[in-house]
Amino acid sequence: MKFSQINGNESLKSRLKAMVDSGKLGHAFLFVEEEGMGALPMALALAQYINCKGEKDGDSCGVCSNCYKIEKLIHPDLHFSYPVNASPLLSEAEKKKPTSDMFLNEWRELCLSNPYFSEQDLYSAFKIEGKQGNISVNEAKRIIDVLSLKPLEADNKVMIIFLAERMNSEAANKLLKLLEEPPAGTYFFLIAQQPSRLLTTIVSRCQLIRLQPESPRDLAAILSKEKGIDESDALNYARVAAGSYGRAIKLIEENESEKEYEQKVKELFEVCLNKNLVEVISTADSLAEMGREQQKTFCRQAELLIRKLFMFANGAGDISLAQQKEYDYLETLASRIKPDFYEKGLKIFDSALVAIESNTNSKLLFLDICNRLYMML
Ligand SMILES: [Zn+2]
């Protein structure tokens, strides 16, 4: 990754580049960030900048062999360590002593698709959801082994330790000596989101680099350019994400997926209102074929839409949290719905959520839901 591919944190980028250019780059850095602020892309850009063999014009060249391999995360002198745990992806023997190298393919895939991922995203990729990942003493031994060899292709070896606060004290103590006096041409880039959990002896051996949140206005400009969303929506996302690009991207994705389900609910309401029984039955069939989680999302979106429509029907659309561009549509839809529907409609989906949890026959359940809506709307 080139520095120019990272949005924001401009003064930090200049500072890091100046350290490299002046030959005054320390050997151990601790990047402190809040989730999704981009410490990992920053560490990757720094690793690439110090190893680039091409013409550096204020950034790495992006085309020399070192840049190429670092961008693809396949450079033999770029190493990673991150919290792991026993996972169904591992063999029985591996499960006893899981280390980062066993998850390298999943790690690469995740970083390449979105280097602003959260700790939970990492655990989902490793299929260890619901467990706490950790950096164990076995991992510390692996780090020492990996760094004891001379660089293979680049002038410098880089070890990026993501979520270094997940290191237990045994692992941390094992790494202290290496952190204090790494072999020549070896760099440690530690990344932490909760630095207070790190041993002070680790922190004191590192140069501290703190990433700053973007201002809501700057982040909104980035989001609106990259995602093609309205500036006012972008500003809302930027505020809720507290200036974290990664969090904002996640909010946008979640919202898009919710919108997709909301659209399905609107389509069902419309075929019911149009008294198109054939379409109602075929919609019931297609809803019954969805997975359980999708069915639950559908029911929750149905409840949200019913509440929104209730507000529009009662002249309170402006407090419904609906977007301005939806107003006309919701007003028209609400005007077609009988006033006694709202309470009954909510009950239908409340009971549906309970029924889905208890593994009711989906086909019968959705046929029943759709029939009732057809009668009531
Ligand atoms: Zn290069």
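Residues numbered from 1 in each chain as written. Predicted model: local features only at pLDDT ≥ 70, side-chain atom pairs only at ≥ 80, totals over all residues. Heavy atoms only, no water.

A word on helix α7 (residues 137–148). Between its terminal C-alpha atoms α7 stretches 16 Å, which fits the 16 Å expected from 12 residues at 1.5 Å a residue. Along α7, the positions that sit buried rather than exposed are Val137, Glu139, Ala140, Arg142, Ile143, Val146 and Leu147. Taken together, the buried residues of α7 touch β2 (78–81), β3 (157–162), α8 (169–180) and β4 (186–192). For α7, the capping residue at the N-terminal end is serine 136, with a side-chain oxygen 3.3 Å from the backbone nitrogen of asparagine 138. (Helix = DSSP H or I, 4+ residues; strand = E, 2+ residues; numbered from the N terminus. Expected span 1.5 Å × (residues − 1). Buried < 20%, exposed > 50% of the residue type's maximum accessible area, 1.4 Å probe, protein only. Contact = heavy atoms within 4.5 Å. Polar contact = N/O pair within 3.5 Å; in protein donor to acceptor, adjacent residues only side chain to side chain.)

The next thing to look at is unusual backbone geometry. Here the phi dihedral of lysine 127 falls at roughly 55°; this positive angle occurs in a residue that is not glycine. Along the chain, lysine 127 falls in the loop between α6 (119–125) and α7. At asparagine 359, a residue that is not glycine, the phi angle is positive and equals roughly 60°. Structurally, asparagine 359 can be placed in the loop between α16 (341–357) and α17 (362–376).

A few words now on the packing of helix α12 (residues 245–273) against helix α14 (residues 292–313). Where α12 meets α14, the axes come as close as 8 Å, and the angle between the chain directions of the two elements is 70°. With respect to their mutual orientation, α12 and α14 come out roughly perpendicular. For the pair α12 and α14, the sense of crossing is right-handed. Judged by residue contacts, Glu258, Tyr261, Glu262, Lys264, Val265, Lys266, Leu268 and Phe269 of α12 engage Gln294, Thr297, Phe298, Gln301, Ala302, Leu305, Ile306, Lys308 and Leu309 from α14. (Axes fitted to C-alpha atoms, helices over the stretch in contact; angles between N-to-C directions. Parallel < 35°, antiparallel > 145°, perpendicular 65-115°, else oblique. Left-handed = near helix turned anticlockwise from the far one by under 90°.)

Scanning all chains against the criterion turns up 19 aromatic pairs. Between phenylalanine 29 and phenylalanine 189 the ring centres are 6.0 Å apart and the planes differ by 70°, which places this aromatic pair in the edge-to-face class. Of this pair, phenylalanine 29 sits in strand β1 (residues 28–32) while phenylalanine 189 is found in strand β4, placing the two residues 160 residues apart along the sequence. Like phenylalanine 29, the residue phenylalanine 189 is buried in the burial classification. Ring centres of phenylalanine 31 and phenylalanine 189 lie 6.0 Å apart, and the angle between their planes is 80°; this geometry places the pair in the edge-to-face category. Here phenylalanine 31, found in strand β1, pairs with phenylalanine 189, found in strand β4; they are 158 residues apart in sequence, far enough to count as distant. The structure contains a cluster of three or more aromatic residues connected by ring pairs, namely Phe80, Tyr82, Phe103, Trp107, Phe117, Phe126 and Phe162. (Phe/Tyr/Trp six-rings, centres within 6.5 Å; stacked < 30°, edge-to-face > 60°.)

Time to look at the sheet that holds β4. Pairing in this open sheet of 5 strands is parallel, and the strands run β2-β3-β4-β1-β5 from one edge to the other. Looking at strand neighbours, the two that pair on one side only are β2 and β5 (207–210), the edges of this open sheet. In this sheet, neighbouring strand axes are inclined to one another by 20° on average, regardless of whether the strands run parallel or antiparallel. In this sheet, β4 lies alongside β3 in parallel orientation, the contact comprising 6 bridges. If you follow phenylalanine 162 over to β4, its bridge partner there is isoleucine 191. Those strands touched by helix α1 (residues 10–21) are β1 and β5, and its axis lies near 150° from that of β5. (Pairing = 2+ DSSP bridges.)

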